[in-house]
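What the coordinates show
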There are 2 protein chains.
Amino acid sequence: MKITKASDYALRVVGFFATAEKNRYYMRNELSEICSVPDSFLGKILQHLVKSGILESERGKKGGFRLSKNPEDITLYDIIRSVEGEIVINECLVEGNACKISGNCKIHNVLDQVRCNLINELKKVNVSNLV
Amino acid sequence: MKITKASDYALRVVGFFATAEKNRYYMRNELSEICSVPDSFLGKILQHLVKSGILESERGKKGGFRLSKNPEDITLYDIIRSVEGEIVINECLVEGNACKISGNCKIHNVLDQVRCNLINELKKVNVSNLV
DNA sequence: ATATTTTAAGATAAAAAAACTCTTTTTTAA
DNA sequence: TTAAAAAAGAGTTTTTTTATCTTAAAATAT
């Protein structure tokens with residue numbers, strides 16, 4: 001019931017971009033320093049954020065990372081989803097993974113409700129709310 | 001962002017008790033079979049549930065486990081809390097663990113809100129709702 | 001009393017996931 | 001064509017989860 005450190009780091013970085021100079025590219029090692037995130041680990045996290053369209057990147061000299069959307073259009077859910085994959089409260093609800101008792105118990109339905117509610121809460125907050 | 005298997009197992013067991021013969025003691029190995037939970041792992045889970053007052057136990061012949069409250073008075077939160085400890089959405093919010101940037105960032109406040117909301121949702125559902 | 005049955009407690013082991021690193025490749029600009 | 005940056009993928013270490021096993025303690029039946 002906890003976000004991973006990768007998510008925490010991602011939130012910091014995207015949160016920083018909301019306050020940063022618009023359109024400027026920041027290099028991985030700059031971001032690493034500014035946000036106190038291990039440099040090479042951050043590399044992986046940034047890749048995820050780029051793949052899911054939250055950041056955009058440019059290689060080579062003058063390269064780096066910057067936001068590819070307005071902060072208002074990026075939610076906490078987007079960021080966590082980007083680095084952790086889909087949020088699932090309990091394993092049994094994962095498709096193709098149904099547990100033996102799933103037919104006749106309500107636990108899973110209830111947990112799925114909790115999950116939907118959690119996701120909605122995370123969608124309510126956008127990155128500009130973090131400034 | 002997922003409950004542990006121990007929590008899932010605990011939910012099954014307590015859920016079963018809600019449908020089971022009232023006041024009767026069920027032995028660990030019975031519960032293990034009924035709920036499809038590994039016998040010795042279940043031992044540990046049952047200990048947690050007893051310690052937090054959800055179940056009560058009796059040793060020796062005729063011993064076993066049973067509910068020590070009405071199903072209506074046991075919430076999903078109680079059960080998860082019992083086996084996983086306090087729900088924390090992000091590590092930085094754990095006391096004595098404050099991260100360097102905690103003073104000047106809103107991320108943690110926001111995640112704490114999400115956490116409160118999640119806990120409230122889990123408190124809304126009680127074990128009799130699972131029958 | 002004593003043997004039997006059951007949970008309690010603690011140590012330990014195996015497996016899985018998380019957290020992080022390193023190396024090689026690709027892209028870009030000067 | 002060289003230097004600087006991200007991309008990609010493999011690999012490593014650490015931590016957490018998921019169990020198991022063994023010994024102790026308690027309750028009951030005989």
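Small disclaimer: the values here were computed from a predicted structure and weren't measured. (Residues numbered from 1 in each chain as written. Chains lettered and ligands numbered in written order. Predicted model: local features only at pLDDT ≥ 70, side-chain atom pairs only at ≥ 80, totals over all residues. Heavy atoms only, no water.)

**Comments concerning the protein's contact with DNA strand C**
Of all residues adjacent to DNA strand C, which total 24 residues, the nearest are R59 of chain A together with R28, K44, S57 and R59 of chain B. Here the atoms of DNA strand C within 4 Å of the protein split so that 73% fall in sugar or phosphate, with bases taking the remainder. Contact between DNA strand C and K62 of chain A: a phosphate oxygen at 2.9 Å from a side-chain N or O atom of the residue. Within the side chain of R59 of chain B, one N or O atom sits 2.8 Å away from a sugar or linking oxygen of DNA strand C. Here the surface near DNA strand C is composed, by residue class, of 6 nonpolar, 7 polar and 11 charged. (Near = heavy atom within 4 Å. Polar contact = N/O pair within 3.5 Å; in protein donor to acceptor, adjacent residues only side chain to side chain. Nonpolar A, V, L, I, M, F, W, Y, C, P; charged D, E, K, R; others polar.)

**Quick word on the domain arrangement of chain A**
By a frequent convention, interface size equals the accessible area lost on bringing the separate parts together. All names here are of chain A. Its domain assignment divides chain A into domain 1 (1–85) and domain 2 (87–126). Across the contact, 9 residues belong to domain 1 and 7 residues belong to domain 2. When domain 1 packs against domain 2, the two sides together hide about 770 Å² of surface, and 74% of this comes from carbon and sulfur. If you sort the residues of domain 1 by the area they bury against domain 2, T75, L76 and Y77 come out on top, with a joint share of 57%. Taken together, the links from domain 1 to domain 2 amount to 0 salt bridges. (Domains from an automatic or database assignment. Contact = heavy atoms within 4.5 Å. Buried area = accessible area lost by both parts, 1.4 Å probe. Salt bridge = Lys/Arg side-chain N within 4 Å of Asp/Glu carboxyl O.)

**Concerning the protein's contact with DNA strand D**
If you check the shell around DNA strand D, you find 25 residues, and the closest are R28, K44, S57 and R59 of chain A together with Y9 of chain B. Near the protein, meaning within 4 Å, the atoms of DNA strand D are sugar or phosphate in a fraction of 72%, with bases accounting for the rest. For DNA strand D, a phosphate oxygen lies 2.6 Å from a polar atom in the side chain of S57 of chain A. K5 of chain B is positioned such that a nitrogen or oxygen atom in its backbone is 3.1 Å from a phosphate oxygen of DNA strand D. Mapped onto the surface near DNA strand D, the elements with two or more residues apiece are α3 (39–51), β1 (55–58) and β2 (64–67) of chain A together with α1 (5–19) and α3 (39–51) of chain B. Residues belonging to the surface near DNA strand D are distributed by class as follows: 6 nonpolar, 7 polar and 12 charged. (Helix = DSSP H or I, 4+ residues; strand = E, 2+ residues; numbered from the N terminus.)

**A closer look at the interface of chain B and chain A**
In this complex, chain B contributes 32 residues to the contact, which on the side of chain A involves 32 residues. Between chain B and chain A lies a buried interface of about 3,100 Å² when both sides are counted; carbon and sulfur atoms form 69% of it. Among the residues of chain B in contact with chain A, M1, K2 and I107 of chain B are the three that bury the most area, contributing 23% of the side total. Joining chain B to chain A, the criterion identifies 0 salt bridges. Counting across the interface, chain B meets chain A through 4 residue pairs in polar contact (both at pLDDT 80 or more). Secondary-structure elements contributing two or more residues to the side of chain B that touches chain A are α1, α4 (76–84) and α5 (107–124) of chain B. With 9 residues, α5 of chain B is the largest single contributor of residues to the side of chain B that touches chain A. Its residues assigned to classes, the side of chain B that touches chain A shows 19 nonpolar, 5 polar and 8 charged.

**Here we look at unusual backbone geometry**
One non-glycine residue, N23 of chain A, lies in the positive phi region at around 75°. Here N23 of chain A shows up in the loop between α1 (5–19) and α2 (28–35). You can call N23 of chain A exposed: its relative accessible area is 53%. With phi around 55°, S36 of chain B is a residue other than glycine that occupies positive phi space. Within the secondary structure, S36 of chain B sits in the loop between α2 (28–35) and α3. (Buried < 20%, exposed > 50% of the residue type's maximum accessible area, 1.4 Å probe, protein only.)

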